[in-house]
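Inside the fold
Each chain is listed here by its residues.
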Amino acid sequence: MAVVTWDGSTDTDYGTASNWDTGSVPTSSDDVIIANVTNDCVLDGSRSVNSFKVESGGDFNGNAETLTVVGEADGSGATTSGFAVDIDGDIVGTTTMITITTPTTTSVDFNATAGNVRDVTINHASCVVNSENSCVLSRNLNVTLGEFKTNGNVLTVPGSISGNGTLTASTSTVTVTGQTTVATVNITTGTFNYFDDYRPTTSNITDNATFNQTSVGGQLGGRIIITASKTPTFNAVGRLHSSFDIQSGEQGNSTINLDLSENQTGPSRALFFYNLELDSQDTENNTFTMAGAITCTGNLTITDGIIDTSSSDHALTVGANIDDGGTTGHLLILDAGELVCNSS
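Residues numbered from 1 in each chain as written. Predicted model: local features only at pLDDT ≥ 70, side-chain atom pairs only at ≥ 80, totals over all residues. Heavy atoms only, no water.

A few points about the overall build of the protein chain
The secondary structure content of the protein chain amounts to zero helices and 35 strands. Based on the C-alpha atoms only, the size of the protein chain along its principal axes is roughly 80 × 35 × 30 Å. Looking at the protein chain residue by residue over its 344 residues, the buried ones come to 51%. A total accessible area of about 13000 Å² is found for the protein chain, and carbon and sulfur atoms account for 44% of it. Taken together, the 10 basic and 38 acidic charged side chains of the protein chain have centroids lying 6 Å from each other. (Helix = DSSP H or I, 4+ residues; strand = E, 2+ residues; numbered from the N terminus. Buried < 20%, exposed > 50% of the residue type's maximum accessible area, 1.4 Å probe, protein only. Areas by Shrake-Rupley, 256 points an atom, 1.4 Å probe, with all protein chains shown as cover. Lys, Arg positive; Asp, Glu negative; His and termini not counted. Charge placed at Lys NZ, Arg CZ, Asp CG, Glu CD.)

Some words on the side chain of Asp-245
Within the element layout of this structure, Asp-245 appears in the loop between strand E26 (239-240) and strand E27 (255-260). Of the buried charged residues, Asp-245 lacks a salt bridge, with Arg-269 as the closest side chain of opposite charge at 4.4 Å. Dropping the residues within four chain positions of it, Asp-245 is found in contact with Gly-222, Arg-223, Ile-224, Arg-269, Ala-270 and Leu-271. (Salt bridge = Lys/Arg side-chain N within 4 Å of Asp/Glu carboxyl O. Contact = heavy atoms within 4.5 Å.)

Digging into the pattern of salt bridges
Taken as a whole and judged by the stated rule, the model has five salt bridges. With a shortest N-O distance of 2.5 Å, Asp-119 and Arg-139 are connected by a salt bridge. On the criterion of sequence distance, the pair formed by Asp-119 in strand E12 (residues 119-131) and Arg-139 in the loop between strand E13 (135-136) and strand E14 (141-149) is long-range, its members being 20 residues apart. Classification of Arg-139 as partly exposed rests on a relative accessible area of 30%.

Describing the pairing of strand E7 (residues 66-69)
Pairing of strand E4 (residues 47-49) with E7 involves three bridges; the strand directions are parallel. The partner of Arg-47 across the bridge, within E7, is Leu-67. Here E7 runs beside strand E10 (residues 97-100); their pairing, made up of four bridges, is parallel. What sits directly across from Val-69, in E10, is Ile-100. (Pairing = 2+ DSSP bridges.)

Overview of unusual backbone geometry
Negative phi values dominate among residues other than glycine, just as trans dominates among peptide bonds. Here the phi dihedral of Ser-170 falls at roughly 40°; this positive angle occurs in a residue that is not glycine. Note that Ser-170 resides in strand E17 (residues 166-170). Judged by relative accessible area, Ser-170 falls into the buried class, the value being 18%. Backbone geometry places Ser-310, a non-glycine residue, at a positive phi of 80°. Residue Ser-310 is classed as buried on the basis of its relative accessible area of 10%.

Considerations on the pairing of strand E21 (residues 202-205)
Strand direction decides the pairing type here: strand E19 (residues 184-187) and E21, joined by four bridges, are parallel. When the sheet's bridge partners are listed, Val-185 is paired in E21 with Ser-203.

Regarding the state of the cysteines
In protein chemistry, a disulfide is the covalent bond that joins the sulfur atoms of two cysteines. The full count for this structure, using the stated rule, is zero disulfides. We note that Cys-135 lacks a disulfide partner, and the nearest cysteine sulfur, in Cys-127, lies 14 Å from it. Considering cysteine sulfurs only, Cys-341 is the nearest to Cys-296, which forms no disulfide, with 13 Å between them. (Disulfide = S-S within 2.5 Å.)

Focus on the environment of Glu-277
Structurally, Glu-277 is set in strand E30 (residues 275-280). By relative accessible area, Glu-277 is classed as partly exposed at 32%. For the pair Glu-277 and Lys-149, spaced 128 residues apart in sequence, the C-alpha to C-alpha distance is 32 Å. Here Glu-277 is in contact with Thr-255, Ile-256, Asn-257, Leu-258 and Thr-301, once residues within four sequence places are set aside.

Observations concerning the nonpolar core
With 71 residues, the main nonpolar core has Phe-52, Phe-60, Val-85, Ile-100, Phe-110, Leu-141 and Phe-192 as its most contacted residues. Of the residues forming this core, the biggest block, four residues, is contributed by E12. Ignoring sequence-local partners within four residues, the contact set of Phe-60 consists of Tyr-14, Ile-34, Cys-41, Leu-43, Phe-52, Val-54, Leu-67, Asp-90, Ile-91, Val-92 and Thr-96. (Core = buried A, V, L, I, M, F, W, Y, C linked by side-chain atoms within 4.5 Å.)

Some details on the side chain of Asp-119
The class for Asp-119 is buried, based on a relative accessible area of 7%. In terms of polar contacts, Asp-119 uses its side chain to reach the backbone amide nitrogen of Asn-140, at 3.0 Å. Setting aside its immediate chain neighbours within four residues, Asp-119 contacts Thr-96, Met-97, Ile-98, Arg-139 and Asn-140. (Polar contact = N/O pair within 3.5 Å; in protein donor to acceptor, adjacent residues only side chain to side chain.)

Focus on the sheet that holds strand E32 (residues 294-296)
Backbone hydrogen bonds are what pair the strands of a sheet, in a parallel or an antiparallel way. Strand order in the open sheet formed by three strands is E29-E32-E34, with parallel pairing between adjacent strands. Looking along the sheet, the strands with just one partner apiece sit at the ends: strand E29 (271-273) and strand E34 (316-318). Adjacent strand axes in the sheet meet at a mean angle of 10°, parallel and antiparallel pairs treated alike. Of the strand pairs in this sheet, E32 and E34 are connected by three bridges, and their pairing is parallel. Opposite Ile-294, over in E34, you have Leu-316 as the bridge partner. (Axes fitted to C-alpha atoms, helices over the stretch in contact; angles between N-to-C directions.)

Shown next, in the form of structure tokens:
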């Protein structure tokens, strides 16, 4: 294993041996440093390195190719100990793609002085990536395998967050323009802003997180597990995806504001809410037709729109068999609201 530093002696081509201080193009066993030199480094094809660092003033252009990082630095030379990727310089262009397959817990810093990495992929079951700074991508985060932990830092993804791995958002502010379909999301008191669908397979909410849907077309889905007594809030949910599922005892003291963007038939399963608030976007009087029983152990408020128990007469239960001094068990139907009970 060696520390190999870009000096750009000949030109800008990553694949030219004379552009490196060792006289050889780096391999997957080398710790690579992009130094502040005249010729910017331009990736020539798919390459693998042990660790990757762009020094302050250094420039790197991924050139629509993929750089795969298979390990992490040990602090030798100018490397940053414990980091798989450390970008202190500039990302040139908009097509830098980095895949991390480090088979252990490691750190990254994608907070370039200028420019952003386009796509980041985590792809090893034992890889746990700790983001040690704000991370703003220009397209996608793919957690194919392993885990990406924000550690309280901002994460902004203009594309999608996907894969069979885990996103641990903890106390961070996460903003996603595309779909969030990663297998697992863990969050405590953070804020999750989503424009398109938010539907991980499982969302584990262990504190009072906030979820904000910021577009008309997005859907809320997947299994949502909320720690008892915690009060997360889901704002302006346009639709419930067919995969949406909150099971008995997993609703915490949450509030879901279902701000219907159109008429909708709900998921075909029994659903458990704490506080459910139904509204309709703009002046539309949209209808939510139940396709399974609904239990609100807190309160149900219909501000604008209709809840229809459907011709199947699904059960609608508000409140629980407890004496809490009148805090829960309220059904409030305002002037623009309506409840169609059928024979339920």
